[in-house]
Amino acid sequence: MEQMVTLISELGFPIVVTLFLLNRIEAKLDVVVSSIQGLPDRLRE
């Protein structure tokens, strides 16, 4: 049981940080995709 707690504590933090960073990157990628999709309209102007 102690080994399981150690394993979770060692792996849990990196997993939480990874998920947090992926969530932030996803939001920023949505903005980039929107900007790229709107670029042809801006170039026509």
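So, here is what we can say about the structure in this document. (Residues numbered from 1 in each chain as written. Predicted model: local features only at pLDDT ≥ 70, side-chain atom pairs only at ≥ 80, totals over all residues. Heavy atoms only, no water.)

### Some words on the overall build of the protein chain
Moving on, step 1. Within the protein chain, the regular secondary structure consists of one helix and zero strands.
Moving on, step 2. Reported as C-alpha extents along the three principal axes, the dimensions of the protein chain are approximately 65 × 10 × 5 Å.
Moving on, step 3. Scored against the burial criterion, the 45 residues of the protein chain give a buried share of 0%.
Moving on, step 4. For the protein chain, the accessible area works out to roughly 4500 Å², and carbon and sulfur atoms hold 68% of it. (Helix = DSSP H or I, 4+ residues; strand = E, 2+ residues; numbered from the N terminus. Buried < 20%, exposed > 50% of the residue type's maximum accessible area, 1.4 Å probe, protein only. Areas by Shrake-Rupley, 256 points an atom, 1.4 Å probe, with all protein chains shown as cover.)

### So, helix H1 (residues 2–44)
Moving on, step 1. For H1, with 43 residues, the first-to-last C-alpha span of 64 Å sits near the 63 Å given by 1.5 Å per residue.
Moving on, step 2. Its maximal kink placed at Gly 38, H1 deviates by approximately 35 degrees, while the proline Pro 40 follows within four residues. (Expected span 1.5 Å × (residues − 1). Bend = angle between axes of the 7 residues up to and from the residue.)

### Some words on the environment of Gln 37
Moving on, step 1. Within the secondary structure layout, Gln 37 lies in helix H1.
Moving on, step 2. Overall, Gln 37 belongs to the exposed group, its relative accessible area being 59%.

### Describing the pattern of salt bridges
Moving on, step 1. Applying the stated criterion to the full structure yields one salt bridge.
Moving on, step 2. Across the pair Arg 44 and Asp 41 runs a salt bridge whose closest N-O atoms are separated by 2.9 Å. With Arg 44 and Asp 41 both in helix H1 and three residues apart, the pair spans about one turn of that helix. (Salt bridge = Lys/Arg side-chain N within 4 Å of Asp/Glu carboxyl O.)

### Digging into a nonpolar patch on the surface
Moving on, step 1. A cluster of nonpolar side chains, namely Met 1, Met 4, Val 5, Leu 7, Leu 11, Ile 15, Leu 19 and Leu 22, defines an oily patch on the protein surface of about 860 Å² accessible area.
Moving on, step 2. By relative accessible area, Leu 7 is classed as partly exposed at 43%. (Patch = residues over 30% accessible without salt bridge, like charges linked within 9 Å, V, L, I, M, F, W, Y side chains within 5 Å.)

### Concerning the environment of Arg 24
Moving on, step 1. With respect to the element layout, Arg 24 can be found in helix H1.
Moving on, step 2. On the accessibility criterion, Arg 24 (44% relative accessible area) is partly exposed.
Moving on, step 3. As for Arg 24 and Leu 7, which are separated by 17 residues in sequence, their C-alpha atoms are 26 Å apart.

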